[in-house]
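Chain by chain, the residues:
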Protein chains: 2
Amino acid sequence: MSLRHGVLGMLTSGPASGYDLLKRFEQSLANVWSATQSQLYGELAKMADESLVEVAAQGPRGRKEYAITQRGRDELQHWMTEVDPDPPRRSAMLLRVFFLNLIPPDQAVAYLRRQADLAAHQHAELAAIGESLRDESDEETFYGRIALEWGLRASTLVQEWAAWAETQVKNATRADT
Amino acid sequence: MSLRHGVLGMLTSGPASGYDLLKRFEQSLANVWSATQSQLYGELAKMADESLVEVAAQGPRGRKEYAITQRGRDELQHWMTEVDPDPPRRSAMLLRVFFLNLIPPDQAVAYLRRQADLAAHQHAELAAIGESLRDESDEETFYGRIALEWGLRASTLVQEWAAWAETQVKNATRADT
DNA sequence: TTAAACATGTAACATGTTACATGATTAG
DNA sequence: CTAATCATGTAACATGTTACATGTTTAA
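What you see is a predicted model; the values in this text were computed from it and never measured.

Caption draft 1: Up close: the overall build of chain A. Helix and strand content of chain A: 7 helices and 2 strands. Starting at the N terminus and ending at the C terminus, chain A contains elements arranged as α-α-α-β-β-α-α-α-α. The C-alpha radius of gyration of chain A comes to 22 Å, more than 25% above the 16 Å expected for a compact globule of 177 residues. Referenced to the eigenvectors of the C-alpha coordinate spread, the extents of chain A come out at roughly 70 × 35 × 35 Å. Expressed as a percentage of contacts within chain A between residues at least 6 apart in sequence, the contacts between residues at least 24 apart total 51%. Element-wise, carbon and sulfur atoms account for 49% of the exposed surface of chain A, whose accessible area totals about 9600 Å². Of the side chains in chain A, 19 bear a positive and 25 a negative charge, and the two mean positions are spaced by 5 Å.

Right, dumping it as structure tokens:
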């Protein structure tokens, strides 16, 4: 149920339409909580039903600007301070690692290198976002930078871990023969 | 569509029933790919329809032992070597970080400390699993250990990052006044 | 004899993805 | 005038969770 909290959080910086929200999810939240257009419109309707948001204004092309209500603020507050985040329960990358014994060691090594490469690319992308934030000063982006730092460290971790794993596989292979 | 690949991977070490598979998912795969009983029975039925697995034997209490077929092995091989794993698209923990500006700095710090604590607990649990694997020798557990090492490093990362973030928040707060 | 473990299956519901359908407004 | 952007909505389908329903076998 975190999509709604993402929406509520976005609405704290001002009213927005479903369309606006989609852009914001794609831009700033893409790496943290993805959402599709379809999901957003559906969730906004449900949240309006439950009075967590309300239609504050209408615009051209049937545009509906939603604003967060007090109930919405309360719900967001509660979620922020009293609900522990669920840890991620699934990693497609690690699931494959579990079954790497099913392919020859050289292919396992290729898999690990590929993961390191993907992580390097991700690191570069995140670093670019960091660069683009260079001018923008604090307040608005402060915690965005904190989250960004997590991403930077996580992608470095994958690269280091994959390199370590590669040496493990090679040692084991040599010891085998 | 990775549940089915998890099942296929499990079945490479021999035939198993839905019940067996559930235990194995709970024990060894819990941190990597979770699955419920309901999901497993449903997926096994679908996979049998598609000839990726077959009922190899029946046992007491209506027990059905499924075995992987050649088609299943081919599918698994393809997934392992030719399909890039999807990166995780959602982190409830980081989503909250994005909105930490909505709560007072001392509460934001409390949030970060809580995440560090949770990560420390997770690290301890994983270390215990590592200990329990101490006796068990290679082959079977080799790549499990590699995956475990990822978990250990990831939980350390969260602790270090949270500590760093805490200093950032404190510096910013002091500079503010 | 009775509790725990074994064993399967399904219904209801929540969440998430892709594709389709429709139309208004703006900028070049 | 016409392409891009703005804007909403829904249908179909896939995936995932919780709860219910049912019955057998084994071990204490």
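Caption draft 2: Region of interest: the relation of the copies chain B and chain A. Expressed as a screw transformation, the operator carrying chain B onto chain A has a rotation angle of 180° and an axial translation of 0.0 Å, and the superposed copies differ by an RMSD of 0.0 Å. Look at the turn and shift together and you get a two-fold axis relating the two.

Caption draft 3: Molecular detail of the interface of chain B and chain A. In this complex, chain B contributes 64 residues to the contact, which on the side of chain A involves 65 residues. Summed over both partners, the interface of chain B with chain A comes to about 6200 Å²; 70% of that surface belongs to carbon and sulfur atoms. For chain B, the biggest contributors to the area lost against chain A are M80(B), R96(B) and Y143(B); these three give 13% of the whole. The interface formed by chain B and chain A holds 2 salt bridges in total. Between R114(A) and D84(B) there is a salt bridge, with its nearest N and O atoms 2.5 Å apart. Inspection of the chain B/chain A interface yields 14 residue pairs in polar contact (both at pLDDT 80 or more).

Caption draft 4: Just helix α3 (residues 37–49) of chain A, in detail. Residue and element names in this part refer to chain A. Taking 1.5 Å per residue as the helical rise, α3 with its 13 residues ought to reach 18 Å, and the 19 Å between its terminal C-alpha atoms agrees with that figure. Turning to α3, its buried residues are L40, E43, L44 and M47. The buried residues of α3 all sit within an arc of 105° when viewed along its axis, so they share a single face. Within α3, the exposed residues directed more than 90 degrees away from the buried face are S38 and D49. Following α3 by one or two positions, S51 adopts a phi angle in the positive range, close to 60°.

Caption draft 5: Structural detail: the protein's contact with DNA strand D. Close contacts around DNA strand D come from 19 residues, with Y19(A), Y41(A), K64(A), M1(B) and Q39(B) the closest. Backbone sugar and phosphate groups make up 65% of those atoms of DNA strand D lying within 4 Å of the protein. Contact between DNA strand D and Q37(A): a base nitrogen at 3.0 Å from a side-chain N or O atom of the residue. Contact distances for DNA strand D include 3.0 Å between a phosphate oxygen and a side-chain N or O atom of R90(A). Counting only elements with at least two residues in the surface near DNA strand D, the list comes to α2 (18–27) and α3 of chain A together with α3 (37–49) of chain B. Class assignment of the residues belonging to the surface near DNA strand D gives a composition of 4 nonpolar, 9 polar and 6 charged.

Caption draft 6: The nonpolar core, seen in detail. Grouped together as the largest cluster of nonpolar side chains are 93 residues, with contacts concentrated most on V97(A) and V97(B). Residue contacts for V97(B): discarding those within four places in its chain leaves Y143(A), I146(A), A147(A), Y111(B) and W161(B).

Caption draft 7: How the structure looks around the side chain of E43(A). Residue and element names in this part refer to chain A. Within the fold, E43 resides in helix α3. At 2.9 Å, the side chain of E43 forms a polar contact with the side chain of R4. Among residues more than four places away in sequence, those in contact with E43 are L3 and R4.

Caption draft 8: Inspection of the UniProt feature "domain: Transcription regulator PadR C-terminal" (unreviewed entry) in chain A at higher detail. Within the UniProt annotation, "domain: Transcription regulator PadR C-terminal" (unreviewed entry) is assigned to residues 90–168 of chain A. Each end of residues 90–168 of chain A is marked by a C-alpha atom, and these two atoms are 24 Å apart; helix forms 78% of the span and strand 0%.

Caption draft 9: Representation of the protein's contact with DNA strand C in the model. Taken together, 18 residues lie near DNA strand C, and M1(A), Y19(B), Y41(B), R63(B) and K64(B) sit nearest. Contacts to DNA strand C include Q39(A), whose side-chain N or O atom sits 2.8 Å from a phosphate oxygen. In the environment of DNA strand C, a phosphate oxygen lies 2.5 Å from a nitrogen or oxygen atom belonging to the side chain of K64(B). Of all elements in the fold, only α3 of chain A together with α2 (18–27) and α3 of chain B reach the threshold of two or more residues within the surface near DNA strand C.

Caption draft 10: Focus on the pattern of salt bridges. All chains considered together, the criterion is met by 20 salt bridges over all chains. We note a salt bridge from R4(A) to E50(A), for which the minimum N-O separation is 3.0 Å. One end of the pair, R4(A), is in helix α1 (residues 3–11); the other, E50(A), is in the loop between α3 and β1 (53–58), with 46 residues separating them in the sequence. Judged by its relative accessible area of 6%, R4(A) is buried. The class of E50(A) is partly exposed, set by a relative accessible area of 37%. Between D20(B) and R63(B) there is a salt bridge; the shortest N-O distance is 2.5 Å. Taken together, the residues span a long stretch of sequence, with D20(B) in helix α2 and R63(B) in the loop between β1 (53–58) and β2 (64–68) at a distance of 43 residues.

Reading the values: rules and limits
Residues numbered from 1 in each chain as written. Chains lettered and ligands numbered in written order. Predicted model: local features only at pLDDT ≥ 70, side-chain atom pairs only at ≥ 80, totals over all residues. Heavy atoms only, no water. Helix = DSSP H or I, 4+ residues; strand = E, 2+ residues; numbered from the N terminus. Rg over C-alpha atoms; globule rule 2.2 N^0.38 Å. Contact = heavy atoms within 4.5 Å. Areas by Shrake-Rupley, 256 points an atom, 1.4 Å probe, with all protein chains shown as cover. Lys, Arg positive; Asp, Glu negative; His and termini not counted. Charge placed at Lys NZ, Arg CZ, Asp CG, Glu CD. Least-squares fit on C-alpha atoms with pLDDT ≥ 70 in both. Buried area = accessible area lost by both parts, 1.4 Å probe. Salt bridge = Lys/Arg side-chain N within 4 Å of Asp/Glu carboxyl O. Polar contact = N/O pair within 3.5 Å; in protein donor to acceptor, adjacent residues only side chain to side chain. Expected span 1.5 Å × (residues − 1). Buried < 20%, exposed > 50% of the residue type's maximum accessible area, 1.4 Å probe, protein only. Arc of directions from axis to C-beta. Near = heavy atom within 4 Å. Nonpolar A, V, L, I, M, F, W, Y, C, P; charged D, E, K, R; others polar. Core = buried A, V, L, I, M, F, W, Y, C linked by side-chain atoms within 4.5 Å. UniProt positions renumbered as here; feature names shortened; annotations may be inferred.

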